[in-house]
Amino acid sequence: MYEIIVLLLLVVGIVLLTAKWNINPFLALIAAAFIAAFAYGVPMAEVTTAIGEGFGGTIGNIGLVILVGTMLGGILERSGAAISMADFLVRVLGPKFPNLTMSLVGWLVSIPVFCDSGYVILNSLRKAITLRTGVSSIGTAVALMTGLYATHTLVPPTPGPLAAAENVGISHNLGFLIAVGLPVSLVAAFAGLVYAQRFTHSTMELLPPTSEDDLDNKTYEELRESYGKLPSAGASFLPIIVPLILICIASIANLPSAPFGAGTVTDIIVFLGTPLVALFIGLAVAVCLLRGKGKLEQFNTEITSAIEIAGPIIFITGAGAAFGGILGASALTDILADSLSSLGLGLLVPFLISAALKTAQGSSTVALVTTSAILAPLLGSMGLDSEIGMVLTVLAIGAGSMVVSHANDSFFWVVSRLSRLPVGVAYRTLTVASGIEGVAAFITVWIIGAIVL
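Residues numbered from 1 in each chain as written. Predicted model: local features only at pLDDT ≥ 70, side-chain atom pairs only at ≥ 80, totals over all residues. Heavy atoms only, no water.

A.B. asks: I'm lost on the confidence of the model for the chain in this one. Help?
C.D. replies: Low-pLDDT stretches of the model should not have their predicted coordinates read in fine detail. With 94% of its residues at a pLDDT of 70 or more, the chain shows a mean pLDDT of 85. Of all helices and strands in the chain, the one with the weakest mean pLDDT is helix H10 (residues 214–217) (48), whereas helix H20 (residues 387–400) scores best (96). Within the model, the stretch residues 211–216 combines pLDDT values under 50 with eleven contacts to residues more than four positions away or in other chains. (pLDDT = per-residue confidence, 0-100. Helix = DSSP H or I, 4+ residues; strand = E, 2+ residues; numbered from the N terminus. Contact = heavy atoms within 4.5 Å.)

Listed below in structure tokens is the structure:
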């Protein structure tokens, strides 16, 4: 009982440090690792070793993957590929289904691009479609937000699910995670879309437009022109599709049945489908989309920006792994084995912990990293240490990391500000939508688990 109380206090402490006192999650997780080590009686000679191995091993395995994935998303933004993909979907769906169009655009763009950045670059498209169709701006805002959120929290190579996959031990089979995560994210996006439909003809008042934000006042046509000549839709999709296909084919090649045999061909397929190699190939394809003079300067700018963005995520991921390493080195796993298995909560545990962390401190990525680090040593006790169990654990954590977006979440303010939603309206629409979306994703994961586990 003592060990369980300590774990609960550590989780509460992490929440308070990051949410109430705004302590950087990296420091909060490292502090929790040291406190846990002494509270659980880990020999002092092993403490720094366990923390160092957990931290360094995870950064070595996943750090470059997160960095290259962030670079890929930045290049897609800079080159105008995200706008080109959005244009294509608008042409295919036409103006008759504005909410569906925004939901699908967001779902696709957020696979490599952070949801905050995705909303910024797609907001002008959303406004143009809203004006063209005469629907409520609230409906299109909710649809775009929930579409972006779905893949941001559930589908690699977005850093959050990528880091969670590494922590729970399924990063070697990302193709499997992607194959399950994509349909789950579609269900989540659809739930958000259904809720967005309620506001198609909403009469709730918006805030008046401001002159301070150039992005808010820029028309969609002006935004397109600012990129110069846009890359074709086919070329724009390639940097996303190529890595996903390579990763998925490599996962098939690694099946016990060895569908491609056991020779050089399989070795090449597996090498090209390694997440780091696959993303580097996608990055190379994306660089070809940069146009005009100063191509090298554009590339260098995005690389520098990606390092600044990915750095904190990589270090937080390493700190989470260090905390998880201490929990794994303690007697906690043995003590929890009987209690967790007898309770039969299964996938509900990762969902609830992630949802609590998300709601308390605001960051979906921190919720994904912290929850996965806490639960990694406990998966065997929960009956979730199989390949499918680990995949469903990551997705349950991702579902929880959507519940709920409110004032402590930067994405909440990006969406509400650019959509000119009063704070009260944003709570009644965006916050509720994120809750519905997260619960829908978890129910889908739970149903899959009930069938296959």
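A.B. asks: How should I be thinking about the environment of Lys358 in this particular structure?
C.D. replies: Along the chain, Lys358 turns up in helix H17 (residues 348–361). On the accessibility criterion, Lys358 (0% relative accessible area) is buried. Sequence separation of Lys358 and His406 is 48 residues, and the distance between their C-alpha atoms is 9.7 Å. Here Lys358 is in contact with Tyr149, Ser363, Ser364, Ala367, Gly400, Ser401, Met402, Val403, Val404, Ser405, Asn408 and Asp409, once residues within four sequence places are set aside. Only 3.3 Å separates the side chain of Lys358 from the side chain of Ser364, close enough to count as a polar contact. (Buried < 20%, exposed > 50% of the residue type's maximum accessible area, 1.4 Å probe, protein only. Polar contact = N/O pair within 3.5 Å; in protein donor to acceptor, adjacent residues only side chain to side chain.)

A.B. asks: How should the packing of aromatic side chains be read in this particular structure?
C.D. replies: By convention here, two paired aromatic rings are described through the distance between centres and the angle between planes. Counted under the stated rule, the structure contains ten aromatic pairs. Seen in terms of ring centroids, Phe88 and Phe237 are 5.5 Å apart; in terms of plane orientation they differ by 80 degrees. Their pairing is edge-to-face. In this pair, Phe88 sits in helix H4 (residues 81–93) while Phe237 sits in helix H12 (residues 233–253), placing the two residues 149 residues apart along the sequence. Overall, Phe88 belongs to the partly exposed group, its relative accessible area being 32%. Considering the side-chain rings of Phe412 and Tyr427, the 5.3 Å spacing of their centres and the 35 degrees angle between planes classify their relative orientation as tilted. Placement of Phe412 in helix H21 (residues 410–418) and of Tyr427 in helix H22 (residues 423–452) is noted, with a sequence separation of 15 residues between them. Pairwise contacts between aromatic rings join Phe26, Phe55 and Phe315 into one cluster. (Phe/Tyr/Trp six-rings, centres within 6.5 Å; stacked < 30°, edge-to-face > 60°.)

A.B. asks: Before we go on, may I ask you to explain helix H2 (residues 25–39) in this structure?
C.D. replies: Note: α-helices contain 3.6 residues per turn, so residues at a spacing of three or four share the same orientation. Across its 15 residues, H2 extends 20 Å between first and last C-alpha, which sits within 8% of the 21 Å expected from 1.5 Å per residue. Pro25, Ala28, Leu29, Ile30, Ala32, Ala33, Ala36 and Ala37 are the residues of H2 that are buried. Contact partners of the buried residues in H2: helix H1 (2–20), helix H3 (44–79), helix H15 (295–329) and helix H18 (364–375). Measuring from the side-chain oxygen of the N-cap residue of H2 to the backbone nitrogen of Phe26 gives 2.8 Å; that N-cap residue is Asn24. With its phi angle positive at about 70 degrees, Gly41 sits one or two positions after the end of H2. (Expected span 1.5 Å × (residues − 1).)

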